[in-house]
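Summary of the model geometry
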Amino acid sequence: MSVAHIGRWKVLAAAVATVLLGLTLPTVAASPASATTTAYDSTYYRNAIGKSGTSLKSSLHTIISPQTKISYDAVWTALKVTDQDPGNSGNVILLYSGTSRSKSLNGGSVGDWNREHVWAQSHGSFGTSSGPGTDLHHLRPADVQVNSIRGNKDFDNGGSAVSGAAGSYTDSNSFEPRNADKGDVARMILYMAVRYEGDDAWADLEPNDSVSNGSVPYHGRLSVLKQWNAQDPPSAFEERRNQIIFDTYQKNRNPFIDHPEWVEAIW
């Protein structure tokens with residue numbers, strides 16, 4: 001083939017590649033909201049199906065905002081139901097450690113379990129007031145000492161091993177849960193970001209890519225949370241928990257447990 005022909009072939013190949021690139025770009029955009037199907041798509045989620053981006057986020061906020069609020073004291077009793085050990089009805093499963101512990105050991109002493117706010121209370125200053133402070137979709141039983149180690153840190157990968165929670169790690173400003181809890185944590189944080197948009201008495205909670213959020217109403221690290229959501233899909237335990245909260249307590253759902261692909265569709 002002559003040099004001239006080779007040159008013209010390269011130009012043509014480049015043009016074709018450009019056209020093909022333009023044609024394939026839409027496939028890497030936000031996933032469509034109807035990528036999976038649940039029993040609630042034709043009822044509870046009917047106004048969200050087919051949407052993505054801010055439109056999907058807004059629709060989900062409208063859908064999940066109506067909820068029955070409970071007191072902080074009532075959370076103790078609720079967690080004994082939502083987080084009951086499937087293999088031992090007298091115990092609950094603890095977040096971050098996976099330990100099965102007696103329901104009666106709830107409190108503030110060493111060896112007890114307490115109420116962990118996965119979206120840290122200080123990130124938006126909502127405390128334990130009815131609303132974000134008592135929302136069961138991000139409250140989980142956790143070992144008192146492990147909960148203290150986590151504190152109000154953002155979530156990220158890395159750090160030193162956490163005593164009492166094998167597979168979890170922490171450093172000065174972040175906490176990494178064990179692999180079995182990574183997706184749970186991500187979906188709880190992102191639920192809070194959709195549920196609390198600043199149109200009620202509470203701050204507008206949003207995820208970001210920082211691990212130094214302090215008392216501002218943000219929680220990170222979003223890029224890592226997205227990875228965790230994909231890495232650790234919803235388990236039967238998580239799905240059962242979502243159903244109990246919907247049926248028995250709050251009458252609203254965590255949409256990212258029903259549709260984990262909606263994380264990428266929004267963010």
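Going by the structure above, here's the rest.
I will try to describe carefully the structure that is included in this document. Quick caveat, the model's predicted, so the values are computed rather than measured.

Within the protein, the secondary structure is distributed over nine helices and 11 strands. For the protein, restricting intrachain contacts to residue pairs at least 6 apart in sequence, the fraction spanning at least 24 positions comes to 63%. Summed over its atoms, the accessible surface of the protein is roughly 11,600 Å², and 56% of this surface lies on carbon and sulfur atoms.

Below, the discussion takes up the sheet that holds strand β3 (residues 100-102). Strand pairing within a sheet occurs via backbone hydrogen bonds; the two strands may be parallel or antiparallel. Taken together, three strands build an open sheet; the order of strands is β1-β2-β3 and the sheet is antiparallel. Single-partner strands in this sheet number two, and they are β1 (84-85) and β3. Relative to strand β2 (residues 88-93), β1 runs antiparallel, the two being bridged by two bridges. Following the sheet pairing, D85 is matched in β2 by N88.

Glancing now at the pairing of β2. Taken together, β1 and the strand that follows it, β2, pair antiparallel across an intervening segment of two residues. Joining the antiparallel neighbours β2 and β3 is a turn of six residues, in which Y96 adopts a positive phi near 80°.

Most of strand β4 (residues 113-117) sits inside the fold, with five of its five residues counted as buried. Here β4 runs beside strand β5 (residues 139-143); their pairing, made up of five bridges, is antiparallel. In the sheet register, W113 faces β5, and the bridge partner there is D143.

Let us now look at the nonpolar core. Side chains of nonpolar character tend, in soluble globular proteins, to be buried together. In terms of nonpolar packing, the biggest core is built from 39 residues, with L60, Y96, V118, F155, V185 and W262 touching the most fellow members. Counting only elements with at least two residues in this core, the list comes to α2 (53-64), α5 (179-195), α6 (222-231) and α9 (262-266). If one sorts the elements of this core by residue count, α5 sits on top with eight residues. Non-local contacts of L60, meaning those with residues more than four positions away in its chain, are made with Y45, A48, V194, P255, W262 and I266. Core analysis: the next-biggest nonpolar cluster, separate from the first, contains 14 residues, Y72, W76, L79 and L139 among them.

Looking along the chain, the bond that leaves G220 and enters R221 is cis, with omega of 0°. Within the fold, R221 resides in the loop between β11 (218-219) and α6. The phi angle at S125 is positive, at roughly 55°, despite the residue not being glycine. With respect to the secondary-structure elements, S125 resides in the loop between β4 and β5.

Looking now at α2. Taking 1.5 Å of rise per residue, the 12 residues of α2 would be expected to cover 16 Å, and the 17 Å separating its terminal C-alpha atoms lies within 8% of that figure. Listed in full, the buried residues belonging to α2 are G53, L56, K57, S59, L60, H61, I63 and I64. Elements that come into contact with the buried residues of α2 comprise α5, β10 (206-207), α8 (255-258) and α9.

Moving on, we get to empty space enclosed by the protein. All chains considered together, the criterion is met by one cavity of 30 Å³ or more. Each pocket or cavity is described by its volume, and for the largest cavity that value is around 70 Å³. Along the walls of the largest cavity sit H137, R140, D184, M188, E238, R241, N242, I245, N254 and I257, which together make up its complete lining. Listed by contribution, the elements that provide at least two residues to the lining of the largest cavity are α5 and α7 (236-249). Broken down by element, the lining of the largest cavity gets its largest block of residues, four residues, from α7. Grouping the constituent residues of the lining of the largest cavity by class yields three nonpolar, three polar and four charged.

Before going further, it helps to examine the pattern of salt bridges. A full pass over the atoms with the stated rule returns 14 salt bridges. One salt bridge connects D181 with R178, and the closest N-O pair in it is separated by 2.9 Å. Overall, R178 belongs to the partly exposed group, its relative accessible area being 21%. We note a salt bridge from D200 to R195, for which the minimum N-O separation is 3.5 Å. Looking at R195, the relative accessible area reads 4%, which means it is buried. Overlapping salt bridges bring together D83, R140, D184 and R241 as one network.

Reading guide: rules and limits
Residue positions are counted from 1 within each chain, in the order its sequence is given. Local features are withheld for residues below a pLDDT of 70 in this predicted model, meaning they are given only at 70 or higher, and side-chain atom pairs are given and counted only at 80 or more; totals for whole chains, interfaces and linings count all residues. By convention in this description, side-chain values take in all heavy atoms of the structure and omit both hydrogens and water. The helix count covers DSSP runs of H or I at least four residues long, the strand count covers runs of E at least two residues long, and both are numbered beginning at the N terminus. Any two residues having at least one pair of non-hydrogen atoms within 4.5 Å are treated as being in contact. We get accessible surface area from the Shrake-Rupley algorithm with a probe of 1.4 Å; when it comes to residues, only the shown protein chains can shield them. Pairing between strands is defined by DSSP: at least two bridges between them are needed. Working definition: with a 1.4 Å probe on protein chains only, accessible area under 20% of the residue-type maximum means buried, over 50% means exposed, and in between means partly exposed. Here, the term nonpolar core denotes a set of buried Ala, Val, Leu, Ile, Met, Phe, Trp, Tyr and Cys residues that are joined through side-chain atoms within 4.5 Å. By this rule, a helix spans an expected 1.5 Å times one less than how many residues it contains. Cavities and pockets were defined on a 1 Å grid built from protein atoms only: a cavity is a group of points that admits a 1.4 Å probe but offers it no way out, a pocket is an open group of points flanked by protein on both sides within 12 Å along at least five of seven lines, and a lining residue is one with an atom within 4 Å of any such point. Grid points are joined across faces, edges and corners, and a volume is the space filled by probe spheres set on the points. Classification convention: Asp, Glu, Lys, Arg as charged; Ala, Val, Leu, Ile, Met, Phe, Trp, Tyr, Cys, Pro as nonpolar; all other residues, Gly among them, as polar. For salt bridges, the criterion is a side-chain nitrogen of Lys or Arg within 4 Å of an Asp or Glu carboxyl oxygen.

On their own, these measurements won't tell you what the molecule is for.
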